[in-house]
Amino acid sequence: MLRLIVRRLLQLVPTLLGLSVLLFLWLHRLPGGPASALLGERATEADRRQIEEALGLNDPVWVQYGRWMERLLQLDLGSSVRTGRPVWEEFTQRFPATVELALAAMLIAVVVGIPLGYFAARRRGTWLDVGAVSGSLIGICIPVFFLGFILRAVFAVNLGWLPSFGRQSTGIDATEITGFYVLDGLLTGEFDASWDAIEHLALPALALASIPLAVIVRITRASVLEVLGEDYVRTAESKGIARRVVRGRHVLRNALLPVVTTVGLLAGSLLSGAVLTESVFAFGGIGSFIRDAIDARDYPVLMGFILFIALLYVAINLLVDLAYSLIDPRVRVN
Amino acid sequence: MRTARPKAAARAFAAVIAIGLIAAGCASDRDDDDGSGDGTGPFVFGAAGDPAALDPSLGSDGETFRVTRQVFETLIEHEPGGTEMVPGLAEEWSSNEAGTEWSFTLRDGVTFHDGDELTGEVVCQNFERWYNWSGTYQNTTLSYYWQSVFGGFAENESEETPPPNYVGCTAPDELTAVIEVAEPSANYPGGFSLQSFALQSPTAIEAMAADDPSGEGENITFPNYSQEAGVVSGTGPFQISEWNRSNGEITLERFDDYWGDAAGVEELVFRTIPEEDARRQALQAGDIDGYDLVAPADVETLVADGFQVPVRGVFNLLYLGITQENNPALEQLEVRQAIAHALDRENIVNTQLPEGGVVATQFVPDTIDGYSDDVTTYEHDPELAQQLLADAGAEDLTIDFCYPTEVTRPYMPAPADIYELLKADLEAVGITVNPVALKWNPDYTETTRDGGCGVYLLGWTGDFNDAYNFLGTWFADYSREWGFENQELFDMMSAASTEPDVATRVSLYQGLNEYIMDYLPGVPISSSPPSIAFSPDVNPPTVSPLTQENFAEVTFK
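Being a predicted model, the structure only gives us computed values, none of them experimental.

## Quick notes on the overall build of chain B
For step 1, the next point in the chain: Of the regular secondary structure elements, chain B holds 15 helices and 22 strands.
For step 2, the next point in the chain: Compactness check: chain B gives a C-alpha radius of gyration of 26 Å against a globular reference of 24 Å for 557 residues, within 12% of the reference.
For step 3, the next point in the chain: Looking at chain B as a whole, 53% of its 557 residues qualify as buried.
For step 4, the next point in the chain: The contacts in chain B between residues at least 6 apart in sequence include a share of 69% that link residues at least 24 apart.

Laid out in structure tokens, this is it:
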């Protein structure tokens, strides 16, 4: 297993190097630059020239890339052109919000999606099945910003049950340890702060969970249907093994393999989904920060973020591979 | 056997629903501990973006100044709800005849948040700090307004930096400061009212000197003191308590030793909510007490629901820019006149702009000194437009019409809708329009600046009441954006900008406005107030055409 991890990490080096070159070239070929982004309609010709000179944007791209790589080797991602703060600080400050949101969304998607998909397959053709299939179709189709708007209108404005935006209520004087507000409240015994954070998580997590939930329901349903038709299931049932055992040990366990792969892939995509969800709910995580960075042509932030995401994807896929071996002993991770 | 299964499935499904409902049920009991609307808690305002810095001298955007304005004060301020300059930290001000020496008599008994006293010497310390900025501070990102109003620095480090117009500052006595500039300029005295020139305490200045920004190739870092509460110190009715970045929240608390009337609320909180819909729903849900940049379409609903949407005066301008070099036909005056006559600007104002919007007759709003009642006007007259096109031999005119997407500006709430109406007007007189939709930042601003559009939508919000703040932005010299050379106009602009006598300058501006509307480099469309909304439970501040609301005026009902 250790060899697998080391090999994966070594494979990462040429991948990231190639990605960084491509990305750097692509970003610097985009129309516009930080000067116009920073000053908008107030940017004069002279302002633009001055900012470009100061930022070193007049140098050839390979010189700029060399400078960036030199800093990266010193573990320095540079500073955000837009906020003027170190990229690493911006990431670490915002990352807990995004992870908290992604975990909550994934929790909803898995806890609701797998049972729903399973029972939809078991009761194929019933109202439950039809409801799950059509509901998942809607979940995939509905845009996050629209879903966010509807959720806020119903649960925040009309019912007044949940807060409409942010991660924490104004005036909550909570102790911050890890930056994960729910966890911090539990660690410090400030349970009201934890509950406040959960309330703030509810709507954005629901909105973000809509697509993964729909995908998991459909994948689980299809996978369970396939396994239910296998000979070994019929054999097990005809041998008189208890139905609970057949379904738990033979059906669900085998059906979960593609679901686990999907969950792994979805976990990565949740980060990109968070870009929109966080903006819609003013959630203050890394996603909304990246959206603003794209608008501002904030090259250091975008470079750092893409590398960060690449690392994350590799880590998640590694975890998925490891999870395979736990679910299916036939799979050996070496 | 099988009949038991649906029950199991139903039980599981019901359990999930139950958990959700319990959570929601508990949530419904949540305390309204954000204090909004209960008369005791903080006043919470929804801002569209984070401030760039807590030191206003490093800022150039409205979201930064909205926060810093509550904390820092300038020598000259604007009257509440108006554009006239009134005493700020200076009770009086005057200049010599040449307009090169500006004397300020300071208020007595003003203290900074850290306990320092305001004196003439402190004023000079502030100006000398800005003038002596070096390194990264000289980047426009950090010193935009200093360079716009006072030029360069004691030692310019880039050829692109303008020469300094600031000469020096002296304090002949404890409550007097005299600022000397090399050349008179239309930027004075209005420039002294800009938030970028708000004063900080000597203790803060000393601490800030020890913490420079760093910058090297794509790597400009704001100084630490501007990113957290603790160092910066002003004289305003509020002082900064905390900036919680991860929660997008800046908390200000009342400054009890404020020289003027004490703030009406103990705590003022700015929460960043980028999406307009989210800001509106946050107000409706009672999560915030007010927000800015209300979509015109939402005003009616909000008012009907009992929310307060006070109307600001206008201090901006939306125009249809014309780049003459982009299309030879546009160099002909008749063609530009035809375009002006083709546009139904009244329709834009009536259908696209909030209450208080007006058709613009010239390139300044009617609230500014120098506005002329005698400019040539261009009524909506499609037949005349067609005739003018025929006279110019441009019946088959085709133009690229650029408009921005994914943006609203204070002067342009719905660019795509405005574009559609104007396009229909132009097509109605036989002009073929090629639509060019561009993302606002930076594609659109750069393309228009580079002269890449035949016609385009753009605008300006004024900083202070001087017409040069508008006209000088566009017509002081040749620019690719307009694509024309008109030395007579440039000379008139130069004469007006260096005229020290205010009355004479205003008269020159009136002449300029008349000249410009005869030459017609573009078509002014409208001036409109950006809407701001408040909860029914608060007494809102006096709204300002300059968007300079003083939140110390806020009280809960």
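Don't stop here, the text continues.
## Digging into the domain arrangement of chain B
Residue and element names in this part refer to chain B.
For step 1, the next point in the chain: Once the domains are mapped, chain B shows domain 1 (37-71 + 236-312 + 531-557), domain 2 (76-199) and domain 3 (316-527).
For step 2, the next point in the chain: Domain 1 and domain 3 are separated by 33 Å when their C-alpha centres are compared.
For step 3, the next point in the chain: Contacts between the two partners involve 9 residues from domain 1, matched on the other side by 9 residues from domain 3.
For step 4, the next point in the chain: Its residues placed into classes, the side of domain 1 that touches domain 3 shows 7 nonpolar, 1 polar and 1 charged.

## Concerning the UniProt feature "transmembrane region" (unreviewed entry) in chain A
Residue and element names in this part refer to chain A.
For step 1, the next point in the chain: Here the UniProt feature "transmembrane region" (unreviewed entry) sits at residues 9-27, 101-121, 133-155, 201-219, 255-281 and 301-324.
For step 2, the next point in the chain: The span residues 133-155 carries 91% helix and 0% strand; its end-to-end C-alpha distance comes to 25 Å.
For step 3, the next point in the chain: End C-alpha to end C-alpha, residues 255-281 measures 35 Å, and it is 96% helix and 0% strand.

## Quick look at the packing of helix α5 (residues 87-122) of chain A against helix α13 (residues 299-327) of chain A
Residue and element names in this part refer to chain A.
For step 1, the next point in the chain: With their axes 10 Å apart at the nearest point, α5 and α13 run at an angle of 55° to one another. The pairing of α5 with α13 is recorded here as oblique in orientation. Of the two elements, α5 crosses α13, and the hand of that crossing is right-handed. In contact with Val87, Glu90 and Phe91 of α5, α13 contributes Pro300, Val301, Gly304 and Phe308.
For step 2, the next point in the chain: Residue composition of the contact of α5 with α13, by class: 5 nonpolar, 1 polar and 1 charged.

## Structural notes on the sheet that holds strand β6 (residues 166-170) of chain B
Residues and elements named next belong to chain B.
For step 1, the next point in the chain: Taken together, 4 strands build an open sheet; the order of strands is β4-β5-β7-β6 and the sheet is antiparallel. Of all the strands in the sheet, just β4 (90-95) and β6 have a single pairing partner and so form its edges. Strand after strand, the sheet turns through a mean of 15° between neighbouring axes, direction not considered.
For step 2, the next point in the chain: Taken together, the 5 bridges between β4 and strand β5 (residues 101-106) define a ladder with antiparallel strand orientation. Bridging from a neighbouring strand, Trp93 pairs with Phe104 of β5.
For step 3, the next point in the chain: Across the face of the sheet, helix α3 (residues 120-131) comes into contact with β5, β6 and β7 (176-181) while running at roughly 155° to β6.

## Looking at the confidence of the model for chain B
Residue and element names in this part refer to chain B.
For step 1, the next point in the chain: Averaged over every residue, the pLDDT of chain B is 88; residues scoring 70 or more account for 91%.
For step 2, the next point in the chain: Between residues 1-39, whose pLDDT stays under 50, and residues either more than four places distant or in other chains, the model counts 43 contacts.
For step 3, the next point in the chain: Per the prediction output, this complex has pTM 0.80; the corresponding ipTM is 0.73.

## Overview of unusual backbone geometry
For step 1, the next point in the chain: Following Tyr188(B), the chain continues to Pro189(B) via a peptide bond in cis, the omega torsion being 5°.
For step 2, the next point in the chain: Take Pro189(B): it is sitting in the loop between β7 and α5 (202-209).
For step 3, the next point in the chain: Backbone geometry at Ala282(A) places phi at a positive 45°, although glycine is not the residue there.
For step 4, the next point in the chain: Topologically, Ala282(A) is positioned in the loop between α11 (243-280) and α12 (286-295).

## A few points about the nonpolar core
For step 1, the next point in the chain: By size, the foremost hydrophobic cluster in this structure holds 139 residues, and its most contacted members are Leu101(A), Ala105(A), Leu203(A), Ala205(A), Ile216(A) and Leu270(A).
For step 2, the next point in the chain: Looking at which domains feed residues into this core, each of domain 1 (37-71 + 236-312 + 531-557) and domain 2 (76-199) of chain B gives three or more.
For step 3, the next point in the chain: Contact partners of Leu203(A), with chain neighbours within four places excluded, come to Leu151(A), Arg152(A), Phe155(A), Ala156(A), Leu162(A) and Phe281(A).
For step 4, the next point in the chain: Counting 64 residues, the second largest nonpolar core, distinct from the first, contains Ala338(B), Phe363(B), Trp440(B) and Phe475(B).

## Let's talk about the UniProt feature "domain: ABC transmembrane type-1" (unreviewed entry) in chain A
For step 1, the next point in the chain: The UniProt feature table records "domain: ABC transmembrane type-1" (unreviewed entry) at residues 95-324 of chain A.
For step 2, the next point in the chain: Secondary structure content for residues 95-324 of chain A is 81% helix and 0% strand, and the end C-alpha separation is 28 Å.

## Looking at the packing of α5(A) against α11(A)
Residue and element names in this part refer to chain A.
For step 1, the next point in the chain: As a packed pair, α5 and α11 sit with axes 9 Å apart at the nearest point and diverge in direction by 145°. In the packing of α5 onto α11, the handedness of the crossing is right-handed. In contact with Thr98, Leu101, Ala102, Ala105, Met106, Val110, Ile114 and Tyr118 of α5, α11 contributes Leu252, Val259, Val263, Ala267, Leu270, Leu271, Ala274 and Glu278.

## Structural notes on the pairing of strand β20 (residues 531-534) of chain B
Residue and element names in this part refer to chain B.
For step 1, the next point in the chain: Side chains Ser531 and Ala533 project from β20 onto one buried face, and the interleaved Ile532 and Phe534 project onto a second face that is buried too.
For step 2, the next point in the chain: Pairing of strand β13 (residues 290-294) with β20 involves 4 bridges; the strand directions are antiparallel. By the bridge assignment, Gly290 is partnered in β20 with Phe534.

## So, the confidence of the model for chain A
For step 1, the next point in the chain: Looking at chain A as a whole, its pLDDT mean stands at 82, while 93% of the residues score no less than 70.
For step 2, the next point in the chain: Confidence, read as mean pLDDT per element, is least for helix α2 (residues 34-39) of chain A in chain A (63) and greatest for helix α9 (residues 191-228) of chain A (91).

Rules used in this analysis
The residue numbers shown here count from 1 along each chain, following its written sequence. Lettering of chains starts at A and numbering of ligands starts at 1, both following the order in which they are written. In keeping with the predicted nature of the model, local features appear solely for residues at pLDDT of at least 70, side-chain atom pairs appear and are counted solely at 80 or more, and the whole-chain, interface and lining totals rest on all residues. Helix and strand definitions follow DSSP, with helices as H or I runs of at least four residues and strands as E runs of at least two, each counted in order from the N terminus. We take the radius of gyration over the C-alpha atoms and set the globule estimate at 2.2 Å times the residue count to the 0.38 power. Three exposure classes are used. Buried residues have 20 or more other C-beta atoms within 10 Å of their own C-beta, exposed residues have 12 or fewer, and partly exposed residues fall in between, all C-beta atoms being placed from the backbone. By definition, residue pairs are in contact when their C-beta atoms, positioned from the backbone, come within 7 Å. Domain start and stop positions are those given by an automatic or database domain assignment. Here the nonpolar group is Ala, Val, Leu, Ile, Met, Phe, Trp, Tyr, Cys and Pro; Asp, Glu, Lys and Arg are the charged ones; every other residue, Gly included, is treated as polar. UniProt positions are given in the numbering used here, feature names are shortened, and annotations may be inferred rather than shown by experiment. As a rule, the C-alpha atoms of each element are fitted with a line to give its axis, helices using only the stretch in contact, and angles between N-to-C directions run from 0 to 180 degrees. Any angle that falls under 35 degrees is termed roughly parallel, while one over 145 is termed roughly antiparallel, one within 65 to 115 roughly perpendicular, and all others oblique. For any helix crossing, the convention is left-handed if the near helix is rotated counterclockwise from the far helix by under a right angle, and right-handed if that rotation is clockwise. Strand pairing follows a simple DSSP-based rule, namely that at least 2 bridges must link the two strands. On a scale of 0 to 100, pLDDT captures the predictor's confidence in every residue. Take the buried Ala, Val, Leu, Ile, Met, Phe, Trp, Tyr and Cys residues, join any whose C-beta atoms are within 7 Å, and the set you get is a nonpolar core.

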